[in-house]
Amino acid sequence: MKKIISILAAASMMLLATSAFAQVHVGAGYINDTETTKLNKDADKSSENLNGVYAGVGYTIHISDAFAVTPGLYWSMIGKDDYSTVAGIALKGDFKEHAINVPIDFSYGFNLAPDAKFFVYAGPTIQYGISSKTTGSVGSISADVDNFENDNYSRFNVMLGGGVGAQVLDAIRITVGYDAGLTNLYKGSGDAIQKRNQLKIGVAYVF
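Treat the numbers as computed from the prediction; the structure is a model and nothing was measured.

Caption draft 1: Representation of the side chain of glutamine 167 within the structure. Along the chain, the position of glutamine 167 falls in strand β7 (residues 156–168). Of note is the side chain of glutamine 167, whose polar atom sits 3.4 Å from the side chain of glutamine 23.

See the structure below:
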């Protein structure tokens, strides 16, 4: 895994050094995250949906009129609030997780009109969790749990995905993409498998 990170980092630096035709864009968007869990590879899969947002910056390096590479740096937050009552007592469970994401997308684009360009993209994303907390409460009594203090839960994730996008008036960039989690987030001694996939919809301003 360290070799993968080193290769991606070296490729990014080489591309940045040859950025004669480059564009910076700053954007934000919506995340719909699906977390799947299996007790082992043969067990049935359970899933849970999480919603969130992301924001950050991308740097598109145009290799040619059609091909480009876009590394980026983004913050993301996903979470879920559960609420129920038992015998009139409120039960709550709030989960929130913040992460830093470094995508490297390879894209192919073509002009739909003089001021509109359509493109498809694909590439890996390295994700590192910076905060993950679950707050549980029963009535007026509450407690916080730092999920990363649990040795069974990993901060590190690698995703592979792709999507489609459009750039309008050389200023507005709209993307819709999907990332599949490759890393097992469970790092305990058992055979459990925990992965995340995510749908992303975003808009950015291009400088």
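Caption draft 2: Representation of the nonpolar core within the structure. Within the largest apolar cluster, 6 residues are counted, these being Ile31, Leu50, Tyr54, Tyr74, Ile78 and Phe95. Apart from residues no more than four positions distant in its own chain, leucine 50 is found in contact with Ile31, Asn32, Asp33, Glu35, Ile78, Gly79, Lys80, Phe95 and Arg196.

Caption draft 3: Summary view of the pattern of salt bridges. Tallied over the full model, the rule gives 5 salt bridges. The salt bridge partner of arginine 196 is glutamate 35, with a shortest N-O separation of 2.8 Å. Within this pair, whereas arginine 196 is found in strand β9 (residues 193–206), its partner glutamate 35 is found in strand β1 (residues 22–38), the two being separated by 161 residues in sequence. Owing to a relative accessible area of 4%, arginine 196 belongs among the buried residues under this scheme. In this structure, aspartate 179 and lysine 200 form a salt bridge, with 3.1 Å as the shortest nitrogen-oxygen distance. Of this pair, aspartate 179 sits in strand β8 (residues 172–181) while lysine 200 sits in strand β9, and the two are 21 residues apart along the sequence.

Caption draft 4: The side chain of aspartate 179, seen in detail. Taking the relative accessible area as the measure of exposure, aspartate 179 reaches 5% and is therefore buried. A distance of 3.1 Å separates a polar atom in the side chain of aspartate 179 from a polar atom in the side chain of lysine 200. Setting aside its immediate chain neighbours within four residues, aspartate 179 contacts Thr125, Met159, Leu160, Gly161, Gly162, Arg196, Asn197, Gln198 and Lys200.

Caption draft 5: The confidence of the model for the protein chain, seen in detail. Confidence along the protein chain averages 87 in pLDDT terms, with 82% of residues attaining 70 or more. For the stretch residues 84–88, pLDDT sits under 50, and the model shows 5 contacts to residues farther than four places along the chain or on other chains.

Caption draft 6: Representation of the packing of aromatic side chains in the model. Evaluated as defined, the whole model comprises 6 aromatic pairs. The interplanar angle of 90° and the centroid separation of 5.1 Å between the aromatic rings of tyrosine 205 and phenylalanine 207 together place this pair among those described as edge-to-face. By relative accessible area, phenylalanine 207 is classed as exposed at 61%.

Caption draft 7: Structural view of the pairing of β9. Alignment of β1 against β9, held across 14 bridges, turns out to be antiparallel. Across the sheet, residue asparagine 32 finds its bridge partner in β9, namely leucine 199. The sheet contact formed by β8 and β9 spans 9 bridges and is antiparallel. Within the sheet, the bridge partner assigned to valine 176 lies in β9 and is isoleucine 201.

Caption draft 8: Layout of the environment of leucine 199. Mapped onto the secondary structure, leucine 199 falls in strand β9. On the basis of relative accessible area, leucine 199 is assigned to the partly exposed category, the value being 32%. Considering only alpha carbons, one finds leucine 199 and alanine 180, 19 residues apart in sequence, at a separation of 9.0 Å. Ignoring any residue separated from it by four or fewer positions in sequence, one finds leucine 199 in contact with Tyr30, Ile31, Asn32, Val176, Gly177 and Tyr178.

The rules we used
- Residues numbered from 1 in each chain as written.
- Predicted model: local features only at pLDDT ≥ 70, side-chain atom pairs only at ≥ 80, totals over all residues.
- Heavy atoms only, no water.
- Helix = DSSP H or I, 4+ residues; strand = E, 2+ residues; numbered from the N terminus.
- Polar contact = N/O pair within 3.5 Å; in protein donor to acceptor, adjacent residues only side chain to side chain.
- Core = buried A, V, L, I, M, F, W, Y, C linked by side-chain atoms within 4.5 Å.
- Buried < 20%, exposed > 50% of the residue type's maximum accessible area, 1.4 Å probe, protein only.
- Contact = heavy atoms within 4.5 Å.
- Salt bridge = Lys/Arg side-chain N within 4 Å of Asp/Glu carboxyl O.
- pLDDT = per-residue confidence, 0-100.
- Phe/Tyr/Trp six-rings, centres within 6.5 Å; stacked < 30°, edge-to-face > 60°.
- Pairing = 2+ DSSP bridges.

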